[in-house]
Structures are given as C-alpha cells and as structure tokens.
Amino acid sequence: MAKMIPMKERGKRTPRHMPEQDVHKRIHNFNEVSLGYTKEDAIYEAQRCLQCRSPTCMDGCPADINIPEFIKKIVEENFTGSYFEILKTNNLPAIAGRVCPQEEQCSKACVWNKANKAIHIGRLERFVADWARDNKIHLERVGIEKKNKKIAIVGSGPAGLTCSADLVKIGYDVTLFEALQKPGGVLVYGIPEFRLPKAIVEYEIGEIKRLGVTIETDFIVGLTKSVDELAEEFDAIFLANGAGAPRFLHLPGENLNDVYSANEFLTRSNLMKAYAFPKYDTPIKVGKKVAVIGGGNVAMDSARTALRLGTEEVHLVYRRTSKEAPARKEELTHAEEEGIIFDFLTLPLKILGNEQGDINGMECIKMRLGEPDESGRRRPIYIDGTNFILQVDLVIVAIGTAANPIVARSATGVKTNKWGYFITDENTCSTTRKGIFAGGDIVRGAATVISAVGDGKRAAKAINNFLQ
Amino acid sequence: MSKIIRVEKWHDVIYSMWIKALQISMKVQPGQFVILMIDEKGERIPLTVADYHREEGWVQVVFQTVGTSTMKLAQMSIGDEFFSFIGPLGKPSEIKKYGTVITIGGGTGIACIHPITRALKEVGNKVIAIIGARTKELIIMEEEMKEASTELHITTDDGSYMRKGFVTEVLKEVLQGEKNVRKVWAIGPAIMMKATCAVAKPFGIDVIVSLNAIMVDGTGMCGSCRVTVGGQTKYTCVDGPEFNGHLVEWREFMNRLTRYTELEKLSSKMYKKKCQRK
Ligand SMILES: Cc1cc2nc3c(=O)[nH]c(=O)nc-3n(C[C@H](O)[C@H](O)[C@H](O)COP(=O)(O)OP(=O)(O)OC[C@H]3O[C@@H](n4cnc5c(N)ncnc54)[C@H](O)[C@@H]3O)c2cc1C
Ligand SMILES: Cc1cc2nc3c(=O)[nH]c(=O)nc-3n(C[C@H](O)[C@H](O)[C@H](O)COP(=O)(O)OP(=O)(O)OC[C@H]3O[C@@H](n4cnc5c(N)ncnc54)[C@H](O)[C@@H]3O)c2cc1C
Ligand code: SF4
Ligand code: SF4
Ligand code: FES
C-alpha cells in the first residue's frame, strides 16, 4: 500500500501530466484524446495533496465533493472507498472528471495554485471513477425508506440527472422526462466522443437508473404533455431542459445550404453518429475548407469534429484573441496542436454563395481590441478597409445557444426573463410557481456541466424541504 | 413503445401504416407530425399524421419510399416496434370557420391534407378539395377525401384517371367561379406548393403551405429546418410546418432540400446492394 509522503517531499514534486493520444493519430479517429492516469500516476499526484484542515479546494466544487478525503483514499489504495466517498455527493464522477472546468473550479481554489502546482483534482476523480467502472464496483443502496411522493424532472442533462439521483436516494419516486431518444443532454448530443466517450455517459446514467430513477425518453414536455398536466400528477417538478436553441449571427447568406449551427453539426455527429455514415443512416457534410465561428468550447468541439471527419483545412474565426476566448485552455491547446487555424480578431460579415445555395467564401473584416466593455473584456473594433474573403465551402456557427420556449409556454405562472430563462431563487432554485423548481442552463444561460450539477443538488434539497 | 398495428401497401412506392401511440393519439391535431426512428442506427424521419383515433390510441402515417430510411420503413411489419417515436410536433393548422376554403393535396400530400380537410368541414366550412398525382395508382385516400370534403376534384398528370392536368389548373377554375374563397391549404411537392401560391396570388387569397424541411430533432434545437418567411428566419419544426406560402423564400427552401442529395444517393445505393445480397 502506498503511503503519505513527508510534507517536504510533497513540495518538491511537480504536477503529474496526463498521457494523451498522439496528435497525428488522433486527428483521424474519434477515440478519446486524454488517456487518463495510471494507478501509479494517480497515487503520485494524490500524494502531493496537503490534506488541508480547512480545504479551500472544496469551496470551488459545486458538487460538494469531500476532496481531501477521496484523495487520501487514493493514497491508501482504497479506490473503492474513494469512489464511494465521491458518490456521496456527485453521481457523475467520470463525466465531471473529464469535462468540468477544474482549473476554474476546485484546482483554482487549491492552496497549491499560488505556486502554480494545483492538485489535478478532476484527473484524480476521473481515475477513481474509471477504476470503479473497470472493476465493476457498484454502490448498493439498501433500506431506503419510501416517501410516497412523486417528482417529475424535465430534461436529462447533468442538472436533471443529479437532481433525480439525489431525490431517489432519499426515497422519492422520481421520473425523468427526456425529449430525445437517449438521456444525457449536451453530454450525449453536444460534447464529442473524443472528449467524453458516450459509453461512459451511458454507464453513469445506468448507475443512476440502478438507484431507481425511471427515465422516459421520447417525451417532449410541452408537446407530449404540458408542465401544467405534469403538475397535476406530480408533487413537485424540476425544470432542467437546458438552453437548447441555436443562435445565429443574422448575416447575409446564413441560410445557404452548408451553413450549420454547431448544434446541428454536433448532434448529427454525436447523437446520430453521422461520423460513421453510411453505417449509420444520418448524413453529415464534410467540407474541404471549413470556417467555425466562435471562441468557446462549442466552437472548439465543432472545429475538431470537422477535422476528424476529414476536412482539409479548418479555420476558427473569432473576433477577439485567444486570451478572451471562453473555451477551456486545454481545449484551445488541443485544437492548436491538431492544426486548427486560428483567425483571431476577425469578424465575419457575409457568407457568399451561388444560385444553388452552395457556399463559395466568407467575407470577413479584421478587428482590434479597444476599451473593456460591460463584460470586462476588451471590445473589438473594426479596422476599416481590411475586408477579405476567406475561401471556405462550409460554415459552422458556434456563437452560443438560447432558450427554447417549448417548456415555458406550457407552464402557467412560471415566469421567465426577457431572454426566456426561468427566474429562480438562487438558493432554492424555486421558480415563481409553488412546487416548480428550475436549474442548469435554462436558468443560467449556457454555463457549465458542474454548475448544472450544483443546481441539481440545490434543487433536490429544496424539493425535499418543500415536501416535508 | 410504439408498435405497428396495421400496414398496407397502396402502390409500389406508397405505404400506409397504423401505429399504436397512446399519448400522441390523445394530443395530435390536424397539421401536426411525428418523428420516428426505425432502429438505433436510423435517421429521425418526420412524417405527417394522416389520421388518428383517440379512443383506440393509434395514429396513421402515409409515406413514399424515396431513400434508405423510407425503404427500411417499408420493410417493417405488424408487431414491429420503433426505436423512437415522438410527437405530436409542429403547430396545429388553424381550424376555424372561414366560409369557403380550398384544400389541395399532391402525391403523399393527399394524406397530409386529409385531417385538415375533415377538420375544416367539421367546423362548418364549405371545403373544396383538389387532389392530384402523376398517375392513377398514385391517387390515394379517394374515399376518405370524398367523405372529408364538401366537393372533391381529382387530377392526374397523365390523364389516366379523372381529369388530365395539374391541381393548379383546377384551382384557377374554382377561384374564377367561387367568389368567396377565404383561404387555400396546399400540401405536396415544393414545386406544387409554389405554383399554387402563384395561381392564388392574383386573387388576393392566402395559401397555407406545409414545408417538409430537412430536420433532425424536430423541437427547435438544431436549426436544420430553418426557412426564410417574410424576411425572417423561422424553424419549420416549431414555428411551422405551416406558413403563409406567399411569404416563403422558395428558392432558398428548395436549395436546402438538396443538402444531402449526394450522400443520400450513396446511402441508398449501399442499402439496395445489401438487400440484394440477402
Ligand atoms: C458542444 C458543447 C461543449 C461543451 N463543453 C463543456 C465542457 O467541456 N465543460 C463544461 O463544463 N461544460 C461544457 N458545455 C456546457 C454544458 O454541457 C452545459 O452547461 C450543461 O450540459 C447544462 O446542463 P443542463 O442539465 O442544464 O442541460 P442540458 O445538458 O442542455 O440538458 C437538457 C436536456 O433537456 C432535454 N429537453 C429539452 N427540452 C425538453 C422538453 N421540452 N422535454 C423534455 N426534455 C427536454 C434536452 O433534450 C436535454 O437532454 C458544453 C456545451 C456544448 C454544447
Ligand atoms: C414535417 C414533415 C412532414 C413530412 N411528412 C411526410 C409524409 O407524410 N409522407 C412522406 O412520404 N414524407 C413526408 N415527409 C418527408 C419524409 O420525411 C422524407 O421523405 C424522408 O425523411 C426521406 O428519408 P429517406 O432516407 O427515405 O430519403 P433520403 O435518401 O433521405 O432522401 C431522398 C429525397 O428526399 C429528400 N429528403 C431527405 N430528407 C428529407 C426530410 N427530412 N424531409 C423532406 N425531404 C427530405 C431529399 O432531398 C432527397 O431528395 C415529411 C417531412 C417533414 C419535414
Ligand atoms: S486545497 Fe489542495 S492541497 Fe489542500 S486539500 Fe485541497 S487539494 Fe489538497
Ligand atoms: S466536480 Fe469539478 S470542481 Fe468538483 S472536484 Fe470534480 S473536477 Fe473539481
Ligand atoms: S429540426 Fe431541429 S430545429 Fe427544427
């Protein structure tokens, strides 16, 4: 069994790198890029943790994970115990360990961060979850007292999944309604296989089902049944339908044939498995030269997907610079390594096409950064006379998402703000209608997996209080 | 799970299917559609609800085999279950008392116009229905349409049945004779809907068309189905499928229908080969 190492030693060690698939190989396949820690890597990294008495890292984790405790159990090689420790508060550890922006969350709050040596907490979490899955470790819950109250959850993204799991664990009868044919939300239709393998998402959802959550797919709340109808059948409702509607720039030419929203491009590729066309029936277009508009995770995912589908040249067109880009640094680095061409400080003006609707270029203009705007980021300003045409034949618009009104329309008395997001109480996630709660992207706008998980947890507590 | 309870082959390329789908049958209104997946590897296929029965809990769809997915669908039989079956999708037709209205169906569009025709008559409209197809065998649901309408006209392109010619020619004559037509509905191939608009326009009559844009989710999530209507981008699946045909940007709509033509050809070639091997 491995041991705690002396404090002095802990300071000497440098953070452990996570192995990755070779860049020349990975651009031709959809397999996972990051390969995860080995047992040795994990123990080495875990031994660096100072086991702080008042661990600041935990303030950075919306899933309330007892971080030093699960890390300690890694050092002790008690991986099962470590897994169960995490499961106490987070039901999606293999997922969170992969896509949670940990450098902005737990790791940023770790005391080691000042010395640029923050513990790679998410990678450790991933290791533990992967180990447990490989070794078929399941947490059996017995003797849960049934509460005889029914709760409906709308949407099976991280918010809905977390809330269902937390509620079923304390004895509620929980039904999760999902519009698509598979549960998981953005985890299955948005985030690509090479960052988050779908088998892993399926596995963790399977574990939540084992707890006793009923999942009804193919059920569109607002169409199949309204929220008002659900309110008659259920004692409480949690709305977690995400911010699923695509946004466009309203540029001339935006409805030409091969202009995709990132949602369409990624849904075709991920959910419908169009990357395996024609083995799967759903087609996807592969451009020769592709422009992806945007600078967030969604843009990176679209660009890297296009590359893997066989596009010769992928341009990422973003009006600010890499410093302002909202994507995780790791994603930017991966994209750059893979050969995505970054056209920063560039604003698209018009997509050009022929009579048949085929794209034959995109007119852009160069920008420079001026004074900071309301968001605190420096405002991009046109540089007159720098218009040019980017030679592309396919364009993907990845500038974010908006609220889809289907659910809200069917929920009398549940108020939304001017963008269509639900208005909720920050602490309880309760909406303006009693017994109805909401969280995740449909409250925050496009945010993160872990903030959705956090909302799911808060809502579960509030629902439990409400039903007492 | 949604199970097939009856299948009929009406023609080489036209099939009708009755599917048990309790929740959808309770909710569906004329003008709405469903999306189904045959198996895990399948596409999401949108099909208009041609008829439904709330007590017996079924919906009917009528489809034409045009590519891989519809050919696979035609292979399914009684008792088979769909991997996925969702609905009802889209906005219902605006059914109310207008006075005199005309409903037009072309090809499988006849099945789509059927519940709308019936509902318009039920609320007290005089409904003049015009249905047409390329040739006699492709005229479907004639009895049902006779029942659903006040007056039924039938045309075939080749003159093999009833009147020879296009539905638009009948429309023109009817509009010249009937002075009080309030509205026209037209469902069929894009080119037919566009031509219908052109005929009705000089009479100052609105034409409601139902657009079969290429879709993925059908719930407003992907934007695949977008179409320009009155200068604004609309999503066919949630803002439609029915729109005022005079405002539709037809060129763009028809272009977007060809987005996957090449790939679909490849897919159906492979599928046919696979079928031959069996
Ligand atoms: C491409 C992409 C990459 C991303 N990468 C990252 C990342 O690396 N790290 C990170 O932290 N975050 C990332 N995000 C953001 C993150 O995925 C979201 O913030 C998070 O998934 C939001 O969770 P949610 O539960 O609120 O909603 P969602 O995950 O959006 O799930 C909502 C669910 O509700 C369903 N639904 C919608 N309407 C209805 C209805 N009417 N009836 C029934 N069900 C309905 C939807 O189908 C969906 O399954 C990414 C997002 C995208 C799109
Ligand atoms: C709201 C709506 C309602 C519809 N109702 C009916 C109906 O009642 N009966 C019926 O027979 N068909 C209907 N369609 C069309 C039907 O969905 C397509 O014919 C089917 O998806 C084609 O699949 P495929 O793989 O067999 O053919 P593909 O190989 O995919 O395509 C063959 C041809 O059909 C066109 N096409 C492909 N996908 C679509 C699509 N999603 N919509 C329209 N055209 C497409 C292509 O441009 C191509 O020319 C409807 C479509 C929509 C959007
Ligand atoms: S703050 Fe860092 S070092 Fe301290 S317990 Fe948390 S992870 Fe370990
Ligand atoms: S869930 Fe996210 S914030 Fe919490 S420990 Fe894991 S990686 Fe860190
Ligand atoms: S089909 Fe996806 S938005 Fe209409």
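Since the model is a prediction, treat every value here as computed from it, not as a measurement.

Tell me what's going on with the overall build of chain A, and back it up with residues and numbers.
When its secondary structure is counted, chain A shows 18 helices and 16 strands. A globule of 468 residues ought to have a C-alpha radius of gyration of about 23 Å, and chain A, at 23 Å, matches this closely. Taken along the three principal axes of its C-alpha coordinates, chain A extends 70 × 60 × 50 Å. Per-residue burial over chain A gives 59% buried out of 468 residues. Partitioning the contacts of chain A with sequence separation of at least 6, the portion at a separation of at least 24 is 69%. Looking at chain A as shown, the accessible area adds up to about 19,100 Å², and 50% of this sits on carbon and sulfur atoms. Once the 63 positive and 60 negative side-chain charges of chain A are each reduced to a mean point, those two points are 5 Å apart.

Can you lay out the overall build of chain B for me, pointing to particular residues and giving the numbers?
Each helix and strand counted, chain B has nine helices and 15 strands in total. The C-alpha radius of gyration of chain B comes to 18 Å, within 12% of the 19 Å expected for a compact globule of 278 residues. Projected onto its principal axes, the C-alpha positions of chain B cover 55 × 40 × 40 Å. Expressed as a percentage of the 278 residues in chain B, the buried residues total 58%. Contacts in chain B between residues far apart in sequence, at least 24 positions, make up 65% of those at least 6 positions apart. Carbon and sulfur atoms make up 51% of the accessible area of chain B, which totals about 11,900 Å². Charged side chains in chain B number 38 positive and 31 negative. The centres of these two groups are separated by 4 Å.

Provide a residue-level description of the packing of aromatic side chains, including the pertinent values.
Each aromatic ring pair is summarised here by two numbers: the centre-to-centre distance and the angle between the ring planes. Across all of its chains, the model carries 15 aromatic pairs over all chains by this definition. Ring geometry for Phe 30 of chain A against Tyr 275 of chain A: centres 4.3 Å apart, planes inclined by 15°, an arrangement best described as stacked. Placement of the pair is Phe 30 of chain A in the loop between α2 (23–26) and α3 (39–47) and Tyr 275 of chain A in the loop between α13 (262–271) and β7 (289–293), with a sequence separation of 245 residues. With relative accessibility at 9%, the residue Phe 30 of chain A sits in the buried group. Between the aromatic rings of Tyr 98 of chain B and Trp 185 of chain B, the centroid separation amounts to 5.7 Å while the plane-to-plane angle is 65°, which identifies the pairing as edge-to-face. Here the residue Tyr 98 of chain B occupies a position in the loop between β6 (84–89) and β7 (100–106), and Trp 185 of chain B occupies one in strand β11 (residues 181–187), the gap between them amounting to 87 residues.

Explain the interface of chain B and chain A residue by residue, including any values.
A common way to state how big an interface is: give the accessible area lost once the parts meet. The partner chain A presents 43 residues to the 45 residues of chain B that form the contact. Both sides of the chain B and chain A interface together cover about 3,700 Å² of buried area, and 52% of this is carbon and sulfur. The interface formed by chain B and chain A holds five salt bridges in total. Here Glu 40 of chain B makes a salt bridge to Lys 182 of chain A, at a shortest N to O gap of 3.8 Å. The interface formed by chain B and chain A holds 31 residue pairs in polar contact (both at pLDDT 80 or more) in total. Element by element, the count of residues in the side of chain B that touches chain A is highest for β6 of chain B, at six residues. Among the residues making up the side of chain B that touches chain A, the classes are represented as 17 nonpolar, 15 polar and 13 charged.

Requested: an account of the sheet that holds β6 of chain B, with residues and values cited.
Residues and elements named next belong to chain B. Across the sheet, which stays open at both edges, the six strands sit in the order β1-β2-β5-β4-β3-β6 with antiparallel pairing between neighbours. If you trace the sheet from one side to the other, it starts and ends with β1 (3–11) and β6, each paired once. The average undirected angle you get between the axes of adjacent strands in this sheet is 30°. Sheet topology note: the β1/strand β2 (residues 14–20) ladder contains seven bridges and is antiparallel. Paired with Lys 9 across the strands is Tyr 15, a residue of β2.

How would you summarise the site of ligand 3 if you had to cite specific residues and measurements?
Inspection of the region around ligand 3 gives Cys 49, Leu 50, Cys 52, Pro 55, Thr 56, Cys 57, Pro 68, Cys 110, Val 111, Ile 119 and Ile 121 of chain A as its neighbouring residues. Classifying every residue of the shell around ligand 3 gives 10 nonpolar, one polar and no charged.

An account of the site of ligand 1 is needed here, citing residue identities and associated values.
Residue and element names in this part refer to chain A. Around ligand 1, the surrounding shell holds 33 residues, and the nearest of these are Val 99, Glu 178, Arg 195, Val 221 and Asp 441. The backbone of Ala 159 places a nitrogen or oxygen atom 2.9 Å from an oxygen atom of ligand 1. With respect to ligand 1, the side chain of Glu 178 contributes an N or O atom lying 2.6 Å from an oxygen atom. If ligand 1 stood free it would expose 1,000 Å²; the protein chains cover 93% of that surface. Contributions of two or more residues to the shell around ligand 1 are made by α9 (158–169), α14 (297–309) and α18 (449–467). With three residues, the single largest contributor to the shell around ligand 1 is α14.

Got a sec to walk through the domain arrangement of chain A? Specific residues and values, please.
Residues and elements named next belong to chain A. Here the domain parsing of chain A yields domain 1 (7–134), domain 2 (150–244 + 403–467) and domain 3 (247–401). One C-alpha centre belongs to domain 1, the other to domain 2; they are set 27 Å apart. Counting residues at the interface gives 25 residues for domain 1 and 26 residues for domain 2. Together domain 1 and domain 2 conceal approximately 2,100 Å² of surface at their shared face, both sides included; 67% is due to carbon and sulfur atoms. In terms of surface lost to domain 2, no three residues of domain 1 exceed Asn 91, Leu 92 and Ile 95, which account for 29% of the buried area on that side. Scanning the region where domain 1 abuts domain 2 turns up one salt bridge. Summed over the shared surface of domain 1 and domain 2, the result is eight residue pairs in polar contact (both at pLDDT 80 or more).

Pulling in residues and values, what's your account of helix α4 (residues 67–75) of chain A?
Residue and element names in this part refer to chain A. Here α4 lies mainly inside the structure; seven of its nine residues are buried. Within α4, burial applies to Ile 67, Pro 68, Phe 70, Ile 71, Lys 73, Ile 74 and Val 75. Against the buried residues of α4 lie α3, α5 (79–87), α7 (106–109) and α8 (121–134).

Before we move on, could you go through the environment of Glu 40 of chain B and cite the residues and values that matter?
Residue and element names in this part refer to chain B. Among the secondary structure elements, Glu 40 is positioned in the loop between β3 (33–37) and β4 (45–53). The exposure class assigned to Glu 40 is partly exposed, which follows from its relative accessible area of 45%. In sequence terms Glu 40 and Ile 4 are 36 residues apart; their C-alpha atoms lie 17 Å from each other.

Provide a residue-level description of the side chain of Asn 270 of chain A, including the pertinent values.
Residues and elements named next belong to chain A. Secondary-structure assignment places Asn 270 in helix α13. Look at Asn 270 and you get buried, because its relative accessible area is 3%. Engagement of the side chain of Asn 270 in a polar contact is seen with the backbone oxygen of Tyr 189, the distance being 3.1 Å. Setting aside residues no more than four positions away along its own chain, Asn 270 makes contact with Val 188, Tyr 189, Gly 190, Ile 191, Pro 192 and Glu 193.

Before we move on, can you summarise the packing of α9 of chain A against α18 of chain A with the specific residues and values?
Residues and elements named next belong to chain A. Put simply, α9 and α18 touch, their axes get as near as 7 Å, and they point 35° apart. Handedness of the α9/α18 crossing: right-handed. When α9 is examined against α18, the residues Pro 158, Ala 159, Thr 162, Cys 163, Asp 166 and Leu 167 are found in contact with a partner set consisting of Val 449, Ala 452, Val 453, Gly 456, Lys 457, Ala 459, Ala 460 and Ile 463. Looking at the contact of α9 with α18 residue by residue, the class counts come to 10 nonpolar, two polar and two charged.

An account of the sheet that holds strand β1 (residues 150–154) of chain A is requested, with residue identities and associated values reported.
All names here are of chain A. Sheet architecture is open: five strands sit in the order β3-β2-β1-β4-β16, paired in parallel fashion. Looking along the sheet, the strands with just one partner apiece sit at the ends: β3 (214–216) and β16 (436–438). Direction aside, neighbouring strands of the sheet carry axes that sit 20° apart on average. In this fold α9 packs onto β1, β2 (173–177) and β4 (236–239), with an angle of close to 165° to the strand it touches most, β2. α18 rests against β1, β4 and β16 of the sheet, and its axis sits at about 165° to β4.

Reading the values: rules and limits
Residues numbered from 1 in each chain as written. Chains lettered and ligands numbered in written order. Predicted model: local features only at pLDDT ≥ 70, side-chain atom pairs only at ≥ 80, totals over all residues. Heavy atoms only, no water. Helix = DSSP H or I, 4+ residues; strand = E, 2+ residues; numbered from the N terminus. Rg over C-alpha atoms; globule rule 2.2 N^0.38 Å. Buried < 20%, exposed > 50% of the residue type's maximum accessible area, 1.4 Å probe, protein only. Contact = heavy atoms within 4.5 Å. Areas by Shrake-Rupley, 256 points an atom, 1.4 Å probe, with all protein chains shown as cover. Lys, Arg positive; Asp, Glu negative; His and termini not counted. Charge placed at Lys NZ, Arg CZ, Asp CG, Glu CD. Phe/Tyr/Trp six-rings, centres within 6.5 Å; stacked < 30°, edge-to-face > 60°. Buried area = accessible area lost by both parts, 1.4 Å probe. Salt bridge = Lys/Arg side-chain N within 4 Å of Asp/Glu carboxyl O. Polar contact = N/O pair within 3.5 Å; in protein donor to acceptor, adjacent residues only side chain to side chain. Nonpolar A, V, L, I, M, F, W, Y, C, P; charged D, E, K, R; others polar. Pairing = 2+ DSSP bridges. Axes fitted to C-alpha atoms, helices over the stretch in contact; angles between N-to-C directions. Near = heavy atom within 4 Å. Domains from an automatic or database assignment. Left-handed = near helix turned anticlockwise from the far one by under 90°.

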